[in-house]
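Observations on chain architecture
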Amino acid sequence: MQLRNSSSRYGLVSIVLHWGVALAVFGLFGLGLWMVGLDYYSPWRKSGPDLHKSIGLVLLAVMLLRVLWRFVSPPPPAPANHGKATRLVAKLGHLALYLGLFAVMAAGYLISTADGVGIPVFGLFEVPALVSDLPDQADTAGVIHLWLAWGLVIFAVLHAVAALKHHFIDRDATLTRMLGRKA
């Protein structure tokens with residue numbers, strides 16, 4: 001399999017970035033839901049959020065790489081059977097997923113830095129707290145982070161359903177291209 005995208009399918013880099021981001025998003029969502037239910041005496045009370053923040057910041061770096069990669073290796077054009085409306089909805093849907101990902105990560109950053117302390121990433125380095133003096137920063141960003149996370153996961157599920165619809169009902173190459181197979 002080629003590293004770069006071709007005119008008929010996605011390359012290995014795009015495929016790994018796509019499925020890696022999907023895995024991270026659903027993993028972070030599950031971890032986030034689990035950790036908010038931890039009580040004060042849980043041994044995971046500190047390490048759960050630390051893990052969530054570290055993975056989230058790695059995901060931010062991966063998403064920046066993913067955006068850059070789209071310029072270096074543009075995605076293949078939509079299959080020929082996709083009409084104008086389908087192409088437009090696909091573009092808007094992908095844009096919404098990208099913006100949603102960046103927005104949920106920005107809100108998470110604002111929660112984590114509200115007290116003016118940077119965020120350690122797996123104990124290797126620290127991302128500084130650049131914004132920490134907004135009114136009710138942690139609470140407001142927390143509500144936004146929660147709603148954006150739910151919206152992102154619901155939208156990602158709809159994205160998957162659309163891919164399955166294209167595969168099983170329309171019988172086009174939308175899904176197989178992201179699996180690295182030829183149309």
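What counts and what doesn't
Residues numbered from 1 in each chain as written. Predicted model: local features only at pLDDT ≥ 70, side-chain atom pairs only at ≥ 80, totals over all residues. Heavy atoms only, no water. UniProt positions renumbered as here; feature names shortened; annotations may be inferred. Helix = DSSP H or I, 4+ residues; strand = E, 2+ residues; numbered from the N terminus. Buried < 20%, exposed > 50% of the residue type's maximum accessible area, 1.4 Å probe, protein only. Contact = heavy atoms within 4.5 Å. Areas by Shrake-Rupley, 256 points an atom, 1.4 Å probe, with all protein chains shown as cover. Lys, Arg positive; Asp, Glu negative; His and termini not counted. Charge placed at Lys NZ, Arg CZ, Asp CG, Glu CD. Phe/Tyr/Trp six-rings, centres within 6.5 Å; stacked < 30°, edge-to-face > 60°. Patch = residues over 30% accessible without salt bridge, like charges linked within 9 Å, V, L, I, M, F, W, Y side chains within 5 Å. Salt bridge = Lys/Arg side-chain N within 4 Å of Asp/Glu carboxyl O. Core = buried A, V, L, I, M, F, W, Y, C linked by side-chain atoms within 4.5 Å. Polar contact = N/O pair within 3.5 Å; in protein donor to acceptor, adjacent residues only side chain to side chain.

Under the annotation held in an unreviewed UniProt entry, the protein chain carries the name Cytochrome b and is attributed to Pseudomonas xantholysinigenes. UniProt, in the comment section headed Subcellular location (unreviewed entry), describes the protein chain in these words: "Cell membrane".

Notes on the overall build of the protein chain
Scanning the protein chain from terminus to terminus reveals five helices and two strands. In sequence order, the protein chain lays out its α and β elements as α-α-α-β-β-α-α. When its C-alpha atoms are laid out on the principal axes, the protein chain stretches across 55 × 30 × 30 Å. A buried classification covers 34% of the 183 residues belonging to the protein chain. Relative to all contacts within the protein chain whose residues are 6 or more apart in sequence, the contacts with residues 24 or more apart total 66%. Accessible area for the protein chain stands at about 11300 Å²; split by element, carbon and sulfur atoms hold 72% of it. Computing the positive centroid from 15 side-chain charges and the negative centroid from 9, the protein chain places the two 24 Å apart.

Describing the packing of aromatic side chains
Taken as a whole and judged by the stated rule, the model has three aromatic pairs. Pairing F29 with W150 gives two aromatic rings, centres 4.8 Å apart and planes at 85 degrees, and the pair type is edge-to-face. Taken as a pair, F29 in helix α1 (residues 12–35) and W150 in helix α4 (residues 137–168) lie far apart in primary sequence, 121 residues in all. Accessibility expressed as a relative area gives 37% for W150, which makes it partly exposed. Taking 5.2 Å as the distance between ring centres and 90 degrees as the angle between the ring planes, the aromatic pair formed by Y40 and Y41 counts as edge-to-face. The exposure classification of Y40 matches that of Y41, with both residues exposed.

Things to note about a nonpolar patch on the surface
Together, L33, V143, L146, W147, W150, I154, F155 and L158 make up an exposed nonpolar region whose accessible area comes to about 800 Å². Considering each element in turn, the nonpolar patch owes the most residues, seven residues, to α4. Residue placement: I154 occurs in helix α4.

So, the UniProt feature "domain: Cytochrome b561 bacterial/Ni-hydrogenase" (unreviewed entry) in the protein chain
Those places that UniProt annotates as "domain: Cytochrome b561 bacterial/Ni-hydrogenase" (unreviewed entry) correspond, in this numbering, to residues 9–180. In the segment residues 9–180, helix accounts for 69% and strand for 3%; the C-alpha atoms at its two ends are 7 Å apart.

Side note on the nonpolar core
Counting 16 residues, the largest nonpolar core has V21, V25, L59, M63, L101, M105 and L152 as the members making the most contacts within it. Residues within four places of V21 in sequence aside, it is in contact with L59, V62, M63, R66 and L101.

Let's talk about the UniProt feature "transmembrane region" (unreviewed entry) in the protein chain
Under the present numbering, the feature "transmembrane region" (unreviewed entry) in UniProt falls on residues 12–34, 54–72, 92–111 and 144–164. For the annotated span residues 144–164, helix accounts for 100% and strand for 0% of the residues, and the straight-line distance between the end C-alpha atoms is 30 Å.

Brief notes about the side chain of D172
As for its position among the elements, D172 is in the loop between α4 and α5 (174–178). Notably, D172 is buried but unbridged: the nearest opposite-charge side chain belongs to K165, and the N-O separation is 6.6 Å. Here H166 takes part through its side chain, which lies 3.0 Å from a polar atom of the side chain of D172. A polar side-chain atom of D172 sits 2.8 Å from a polar atom in the side chain of T174. Discounting chain neighbours no more than four positions away, the residues touching D172 are N81, H82, H166 and H167.

What about the side chain of H18?
With respect to the helices and strands, the residue H18 is situated in helix α1. Given a relative accessible area of 13%, H18 falls into the buried group.

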